[in-house]
Amino acid sequence: MLGFGVRKRQCKSIARRLAVGVLLTSFMLVLHCLSTPAAQQVNQQKVTVALSCSHHLSQTWVHNLTNYSQSRTSLSGECVPTVDIMFMKTHKTASSTLLNIIFRFGEKHGLKFAFPKGRNDFSYPSPFLCSHVKDFQPGVCFNILCNHMRFNGHEVAKLLPADAAYFTILRDPAELFESSFHYYSRAIPLTWGIHGDGKLAEFLREPMNYYTPGSYNSFYLKNLLFFDFGFDNNLEPDHPLVERGIQTLSQRFQLVLMAEHFEESLILLKDTLCWTMEDMLFFKLNARKDSSVSRLTPALRAKAREWNGADWRLYQHFNATFWAKVEAYGWTRMEQEVKELRRRNAEMAAMCIEGGGAVEAGLIRDTDLLPWQPVGENSILGYNLRKNIDPKYRELCRKMLTPEIQYLSELGVNLWLTRLWGWLKDTIF
């Protein structure tokens, strides 16, 4: 009887989890459907918009830019900061830390952001359309486009001046796959049948036992970078379209950063955009606690790169161009600049962060500094703001520690869909 009772409780537990999974999947599908009608309507109306928009800076920004440019020009003679930028925010690549840098720069100088409507992404995973942009009207121009999207270059070009700077960031596909696999696992039905602690290793042992192309959220499991850039993530790495896609991105993006060399990437970005070292200061956001990270053996890393073959080719190509840019910049100069960036960041950490480092979600006192958590977990670290900060730096400290969702709200974005999903996520799990 005892064995029967245990089995009965197990069956009930499985049934409850299955019911929750079905409910969760249904809700996510509803959210996806809610985000697409506007795009369909635009396609039906066939609105024609010029590929490049007419750029009109506000008088406030013209005044700010004049003062800012003069200080930079006195140092370089020619350098003028770039204010029109497209940052392609890829998944699980330290892109949230970069986003915070961009938010601060744009807010500081009164730039015009192209923001999503009702959520923190542009109806991802649907391909980006201008109709996804809050307050979009044909011919209206923006300075900055930087939230998560599935890249669509033709549509993006309609929102920015023709000379806007395009940049993005990549990460070793093996490490990215490990991060994505765990972060999104409860949102990917394909992985729900894998049991035990070694789910990632079991998946990589024979991926096609679990993977079905086109299944709900399956793109999180294979060539996520290639998918983010708008390409077919199920292509084999030697397919001609993979090389064509890489060349298309090479022509579109002036700079491709590397997450593994984040500080060197920021120095190259500073040089490319003619921004200041102060603009590049950062705290690492959306980091996971160590216990949630699967350590990849050399064999698992090789399998992950093979499984994500298109991403691995993409990464290898731009890793080579990255180091070519570092060499052109100068190794000694780069070393000195990275050293200075680290010094400035250490100063800010001592000034801003209680305890000097990140803490687990349950220890964060201010909910405005609590980062978004994956479904059913509290694995993302955050910070506590120090008390008695010099008033001169308090606002900068707070902004540097503010997670993406809260910062978007401060910038005026209505995140009703994101917050509804967050409430359901936290309530159910």
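The rules behind these values
- Residues numbered from 1 in each chain as written.
- Predicted model: local features only at pLDDT ≥ 70, side-chain atom pairs only at ≥ 80, totals over all residues.
- Heavy atoms only, no water.
- UniProt positions renumbered as here; feature names shortened; annotations may be inferred.
- Disulfide = S-S within 2.5 Å.
- Helix = DSSP H or I, 4+ residues; strand = E, 2+ residues; numbered from the N terminus.
- Buried < 20%, exposed > 50% of the residue type's maximum accessible area, 1.4 Å probe, protein only.
- Expected span 1.5 Å × (residues − 1).
- Arc of directions from axis to C-beta.
- Contact = heavy atoms within 4.5 Å.
- Phe/Tyr/Trp six-rings, centres within 6.5 Å; stacked < 30°, edge-to-face > 60°.
- Lys NZ or Arg CZ within 6 Å of the ring centre and 35° of its normal.
- Axes fitted to C-alpha atoms, helices over the stretch in contact; angles between N-to-C directions.
- Left-handed = near helix turned anticlockwise from the far one by under 90°.
- Nonpolar A, V, L, I, M, F, W, Y, C, P; charged D, E, K, R; others polar.

The name that an unreviewed UniProt entry assigns to the protein is Galactose-3-O-sulfotransferase 1, with the source organism given as Oncorhynchus kisutch. The Sequence similarities (unreviewed entry) comment attached to the protein in UniProt states, word for word, "Belongs to the galactose-3-O-sulfotransferase family."

Here the focus is the state of the cysteines. Here the structure, examined in full by the defined rule, presents two disulfides. Two residues share a disulfide in this structure: Cys79 and Cys274, whose sulfurs sit 1.5 Å from each other. Of this pair, Cys79 sits in the loop between α3 (59-76) and β1 (85-88) while Cys274 sits in the loop between α10 (262-273) and α11 (298-307); the two residues are 195 residues apart in sequence, bridging distant segments of the chain. Given the relative accessible area of 21%, Cys79 is considered partly exposed. The disulfide partner of Cys352 is Cys397, and the gap between their sulfur atoms is 1.9 Å. Torsion about the S-S bond of the Cys352 and Cys397 cystine: about -60°, corresponding to left-handed handedness. Here the residue Cys352 occupies a position in helix α13 (residues 331-352), and Cys397 occupies one in helix α14 (residues 391-401), the gap between them amounting to 45 residues. The exposure class of Cys397 is buried, given its relative accessible area of 0%.

In this section: α13. Here α13 is 22 residues long and its end C-alpha atoms lie 31 Å apart, about the 32 Å a rise of 1.5 Å per residue gives. Every buried residue of α13 is listed here: Met334, Glu337, Val338, Leu341, Asn345, Met348, Ala349 and Cys352. Around the axis of α13, the buried residues are gathered within 110° of arc, so they sit on the same side. Residues Thr332, Glu335, Gln336, Lys339 and Ala350 are exposed on α13 and point more than 90 degrees away from its buried face. Where the residues of α13 are buried, they touch α10, α12 (309-329) and α14.

Turning next to the packing of aromatic side chains. The geometry of an aromatic ring pair is captured by two quantities: the separation of the ring centres and the angle between the planes. Scanning the entire structure with this criterion turns up 28 aromatic pairs. Ring plane angle 55° and centroid distance 5.2 Å describe the contact between Phe103 and Tyr407, whose orientation is recorded as tilted. Of the two residues, Phe103 is situated in helix α4 (residues 95-108) and Tyr407 in helix α15 (residues 404-410); the sequence distance between them amounts to 304 residues. Neither Phe103 nor Tyr407 differs from the other in exposure class; each is buried. Judged by centre distance (5.4 Å) and plane angle (50°), the ring pair of Phe151 and Phe253 falls under tilted. Of the two residues, Phe151 is situated in the loop between β3 (144-145) and α5 (153-156) and Phe253 in the loop between α9 (240-252) and β5 (255-258); the sequence distance between them amounts to 102 residues. Taken as a pair, Phe151 and Phe253 share a single burial class, namely buried. Grouping aromatic residues by their ring pairs yields a cluster made of Tyr124, Tyr183, Tyr184, Phe219, Tyr220 and Phe227. Lying across the ring of Trp307, Lys222 places its NZ or CZ 3.7 Å from the centre. The ring of Tyr329 has Arg333 lying over it, and the distance from NZ or CZ to the ring centre is 3.8 Å.

Turning next to the packing of α10 against α12. Helix packing geometry: the angle between the two helix axes and the distance between the axes. At a minimum axis distance of 11 Å, the contact between α10 and α12 shows a crossing angle of 65°. Here the hand of the crossing between α10 and α12 comes out left-handed. The residues of α12 that touch α10, namely those facing Glu264, Ser265, Ile267, Leu268 and Asp271, are Phe322, Lys325, Val326 and Tyr329. For the contact of α10 with α12, a count of residues per class yields five nonpolar, one polar and three charged.

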